[in-house]
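Inside the fold
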Amino acid sequence: HPAIILSHVCKDYANGLRVLEDINLSIQDAQFVSLVGPSGCGKSTLLRIIAGLGRLTTGQLCWGTQTAPRKLAFVFQDAALMPWATVQDNVGLPLKLARTSKSVATAAVAEALAMVDLQGFEQCYPQQLSGGMKMRVSIARAMVTKPEILLMDEPFGALDEITRSKLNTELLGLWTQKQWTVVFVTHNLYEAIYLSNRVVVMAAHPGRIVADVAIEVPYPRP
Ligand code: ADP
Ligand code: ADP
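The structure contained in this document is the topic of the report that follows. (Residues numbered from 1 in each chain as written. Chains lettered and ligands numbered in written order. Predicted model: local features only at pLDDT ≥ 70, side-chain atom pairs only at ≥ 80, totals over all residues. Heavy atoms only, no water.)

1. With respect to the overall build of the protein
- Tallying secondary structure elements over the protein gives six helices and nine strands in all.
- Over its C-alpha trace the protein gives a radius of gyration of 18 Å, about what one expects of a compact globule, namely 17 Å for 222 residues.
- Viewed in the frame of its principal axes, the protein has a C-alpha envelope of about 45 × 40 × 35 Å.
- Looking at the protein alone, contacts between residues at least 24 apart form 69% of all its contacts between residues at least 6 apart.
- Here the protein has roughly 11,100 Å² of accessible surface; of this, 57% comes from carbon and sulfur atoms.
- Charge centroids of the protein, computed over 20 positive and 18 negative side chains, lie 6 Å from each other. (Helix = DSSP H or I, 4+ residues; strand = E, 2+ residues; numbered from the N terminus. Rg over C-alpha atoms; globule rule 2.2 N^0.38 Å. Contact = heavy atoms within 4.5 Å. Areas by Shrake-Rupley, 256 points an atom, 1.4 Å probe, with all protein chains shown as cover. Lys, Arg positive; Asp, Glu negative; His and termini not counted. Charge placed at Lys NZ, Arg CZ, Asp CG, Glu CD.)

As structure tokens, then:
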């Protein structure tokens, strides 16, 4: 079933610049799609539009179908944690905003932290954690509401090569278990091919889709 459908989407910024030109994209449930292309081609703009964070100038966007809308979560490149709050409170924030009861929230936070292997760090503050751990907290916060769609904007871009490759393997393991729909923005082609089963290539000025490739994974996944 379709998880995300974009039809004839164009985006102009207030300064008149056309950033996205006639984007047509249909992403199925449980697909892992990477969005690649040169810097400035509109990958982040497109991901924000998919997230509902940016208005589109023309065209249409749907998440799932009217009868079965899909719930989504966004993971930002810089982890975007609240420095004054513990890991427990950072991960629990979406549940607090949704007024989830405390007992349900505590159990959901524990489950999300277990998924990213961070049990025991509940009372730590972000500045006590490494970059990789902060990213894991950010992924746990995205998972805590049990979304069907996970949108990630260069989530591991600021990390060193070893941490990045470790987190990629973990993400792939989680995806294999949970079968989320993932849209993953990266400028690293190797990463895109390693992670995804579909690579969508964009070009710039204006941002548009120039290739859409299915990847058959030739090696065993975690
Ligand atoms: P990418 O993620 O592929 O690097 P972006 O989506 O960040 O590309 O940006 C696409 C283009 O739109 C760039 O040329 C950028 O400078 C421009 N841009 C981004 N945001 C705005 C904005 N709010 N107003 C005007 N131009 C913008
Ligand atoms: P919209 O709400 O129409 O989607 P955005 O939230 O994308 O607009 O952008 C709001 C404003 O932020 C833009 O009109 C622009 O003035 C400013 N802006 C943000 N990023 C950039 C950028 N990279 N280049 C130029 N202007 C920017």
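2. With respect to the pairing of strand S9 (residues 208-214)
- With six bridges joining them, strand S8 (residues 198-203) and S9 adopt antiparallel strand pairing. Counterpart to Val201 in the pairing with S9 is Ala211.
- In textbook terms, the turn of a hairpin is the stretch between consecutive antiparallel strands, and for S8 and S9 this stretch comprises four residues, one of which, His205, has a positive phi near 55 degrees. (Pairing = 2+ DSSP bridges.)

3. Concerning the side chain of Lys11
- Along the chain, the position of Lys11 falls in strand S1 (residues 2-12).
- There is no salt bridge for the buried Lys11, and the closest opposite charge comes from Asp12, which lies 8.7 Å off by N-O distance.
- Among the polar contacts made by the side chain of Lys11, one reaches the main-chain carbonyl oxygen of Arg55 at a distance of 2.8 Å.
- In this structure, Lys11 is in contact with Leu17, Arg18, Val19, Leu20, Thr45, Ile49, Arg55, Leu56 and Thr57, ignoring residues within four places of it in sequence. (Buried < 20%, exposed > 50% of the residue type's maximum accessible area, 1.4 Å probe, protein only. Salt bridge = Lys/Arg side-chain N within 4 Å of Asp/Glu carboxyl O. Polar contact = N/O pair within 3.5 Å; in protein donor to acceptor, adjacent residues only side chain to side chain.)

4. What to know about the nonpolar core
- Core analysis: the biggest nonpolar cluster contains 39 residues, and Val91, Leu150, Met152, Phe156, Trp180, Val182 and Phe184 have the highest contact counts within it.
- Of all the elements, helix H4 (residues 131-143) adds the most residues to this core, at seven residues.
- Dropping the residues within four chain positions of it, Phe156 is found in contact with Met135, Ile139, Arg164, Leu167, Asn168, Leu171 and Phe184.
- Judged by nonpolar contacts, the second largest core, of 24 residues, contains Ala3, Leu46, Ile149 and Val185. (Core = buried A, V, L, I, M, F, W, Y, C linked by side-chain atoms within 4.5 Å.)

5. Digging into the sheet that holds S1
- If you trace the three strands from one edge of the open sheet to the other, you get S2-S1-S4, paired in antiparallel fashion. Here the strands that pair on one side only, and so sit at the sheet edges, are strand S2 (18-28) and strand S4 (58-63). Neighbour-to-neighbour, the strand axes of this sheet turn through a mean angle of 15 degrees, independent of strand direction.
- Summarising the sheet, S1 and S2 pair through seven bridges and their orientation is antiparallel. Bridge pairing in S2 links Val9 to Ile23.
- Set on the sheet, helix H1 (residues 43-51) makes contact with S1, S2 and S4; between it and S1 the angle comes to about 125 degrees. (Axes fitted to C-alpha atoms, helices over the stretch in contact; angles between N-to-C directions.)

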